[in-house]
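Understanding the architecture of this molecule
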Amino acid sequence: MCCYSLVVIESMHRHGLWVTVGEPEEETVVIPDMPCGLEMKRGHLPSPWSLAGLVDFEGRAAKAEAEADGVVVNSFDELEAQFTEAYEKLMGKKAYNVGPLSLCEGGVQAERGNKSSIDKDKCLSWLDSHEPRSVVYVCFGTIAWLGLQKAMEIGEALKGSGRPVVWVIKPGETESWVSQFGEGLDWLVIVGWAPQVAILSHKAVGGFVTHCGWNSTLEGLCAGVPMVTWPHFAEQFINERLVVDVLKVGVRVGIEVQVRWEREMLVGREEIGLAVERVMGGGEEGEERRRRVREVGEMAKKAMEVGGSSYVNTTRLFEDVKGYVKKGNVVVENGL
């Protein structure tokens, strides 16, 4: 998670706001400790884990965080300096912004995660055949599940936009319907893992429909691509606030509560189509959004260069760990 979300969640813990999660979902809750001020709807707040294995994991993670001397964050100072400072003040420990990690080892064309289910060269060749900023990229990450109703509404909205589309879906996730629906359209449907960093970094991509997971959000920012934000659960609604309200580089699709299986479809093709059009076109508003996100992308690249903020923070992290080892505060195992 980014420092913005870390501050919100830590503030929720400290002020007992977990009890406010739930009904009524439309009521707003003030989040203390945020330097820019923040109110969120109850329906947007991340819920405590309910599955037994995840409850145990959350407890161990919280214990480790409390005992740690600092936290390493996949972010960069120029993006959220005030929230990094707020987190350090809350926790009384250091936050080391060492990202964006997607820009490591090969730059913007780097791959992340599993092996891609499509040949990257084939994917990039398809993008090469399209005009700059003309393609809509749609991907909801690793966990969020699509479902047929949502796929149908998204499909109709994208078809109505008349724009080229790269759409990533999971195996077993309505791929048959999406593939058949996309026949005859200027679409590239990818079933399985996609080379997302390479896709977002291609000049043909003009907008990113995303679930607002932090990896995807940061990769979109690094590539300078404005976003249609469609959060589902966890801290994704918090990330949406950073993208839309703080950075002003995204447009909400209009989701107001966390996704639940029994009410999976919460927006229709009209709302989806309008958000896509605002991001891909949008007149002066759209141009200003694109200008801002390009600036963020340039700052991200500079942060990772020698002498950049993340380079300096990584060096500082190494030096601090060496200092802890010399003082005997770190247990060294297996020579590491």
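Residues numbered from 1 in each chain as written. Predicted model: local features only at pLDDT ≥ 70, side-chain atom pairs only at ≥ 80, totals over all residues. Heavy atoms only, no water.

Topic: the overall build of the chain
The number of helices and strands found in the chain is 12 helices and 10 strands. Taking all contacts inside the chain whose residues are at least 6 apart in sequence as the whole, residues at least 24 apart take part in 66%. As displayed, the chain has an accessible area near 16000 Å², and 54% of this comes from carbon and sulfur atoms. (Helix = DSSP H or I, 4+ residues; strand = E, 2+ residues; numbered from the N terminus. Contact = heavy atoms within 4.5 Å. Areas by Shrake-Rupley, 256 points an atom, 1.4 Å probe, with all protein chains shown as cover.)

Let's talk about the nonpolar core
Counting residues in each nonpolar core, the largest one holds 89 residues, and the members touching the most others are Leu-127, Tyr-137 and Trp-167. Broken down by element, the residue count for this core peaks at seven residues, all from helix H1 (residues 3-14). Beyond its immediate chain neighbours, meaning those up to four positions away, Trp-167 contacts Val-138, Leu-146, Ala-151, Ile-154, Gly-155, Leu-158, Val-178, Trp-187, Leu-188, Val-189 and Ile-190. (Core = buried A, V, L, I, M, F, W, Y, C linked by side-chain atoms within 4.5 Å. Buried < 20%, exposed > 50% of the residue type's maximum accessible area, 1.4 Å probe, protein only.)

A word on helix H8 (residues 214-222)
Most of H8 is tucked away, with eight of its nine residues classed as buried. Residues of H8 that are buried: Trp-214, Ser-216, Thr-217, Leu-218, Glu-219, Gly-220, Leu-221 and Cys-222. Backbone geometry just after H8 places Gly-224 at a positive phi near 70°.

Overview of the pairing of strand E7 (residues 187-191)
Across five bridges, strand E6 (residues 165-169) lies against E7 in parallel orientation. Bridging from a neighbouring strand, Ile-169 pairs with Val-191 of E7. As a crossover connection, the stretch from E6 through helix H6 (residues 175-182) into E7 is right-handed. (Pairing = 2+ DSSP bridges. Right-handed = clockwise from strand over helix to strand, strands pointing away.)

Observations concerning helix H9 (residues 236-246)
Counting buried residues in H9 gives nine out of 11 residues, a clear majority hidden from the surface. Those residues of H9 that sit buried are Gln-236, Phe-237, Ile-238, Asn-239, Glu-240, Arg-241, Leu-242, Val-243 and Val-244. Residues of H9 that are buried sit in contact with H1, strand E2 (39-41), helix H3 (77-91), H8, strand E9 (227-229) and strand E10 (250-252). Phi turns positive, to about 60°, at Lys-248, one or two residues after H9.

Remarks on the environment of Phe-181
Turning to its location among the elements, Phe-181 is positioned in helix H6. Residues Phe-181 and Met-152 lie 29 residues apart in sequence; the distance between their C-alpha atoms is 8.9 Å. Residue contacts for Phe-181: discarding those within four places in its chain leaves Gly-155, Glu-156, Lys-159 and Trp-187.

Some details on the sheet that holds E6
If you trace the six strands from one edge of the open sheet to the other, you get E7-E6-E5-E8-E9-E10, paired in parallel fashion. The outermost strands of the open sheet, each flanked by one partner alone, are E7 and E10. Ignoring which end each strand starts from, the neighbouring axes of this sheet average 20° apart. Where strand E5 (residues 135-139) meets E6, three bridges bridge the pair, whose relative direction is parallel. (Axes fitted to C-alpha atoms, helices over the stretch in contact; angles between N-to-C directions.)

With respect to the packing of H1 against H9
For the pair H1 and H9, the least separation of the axes is 9 Å and the interaxial angle reads 125°. In terms of their interaxial angle, H1 and H9 are classed as oblique. The interaxial crossing formed by H1 with H9 has right-handed handedness. Note on element contacts: H9 touches H1 through Ile-238, Asn-239, Arg-241, Leu-242 and Val-246, opposite Tyr-4, Ser-5, Val-8 and Ile-9. (Parallel < 35°, antiparallel > 145°, perpendicular 65-115°, else oblique. Left-handed = near helix turned anticlockwise from the far one by under 90°.)

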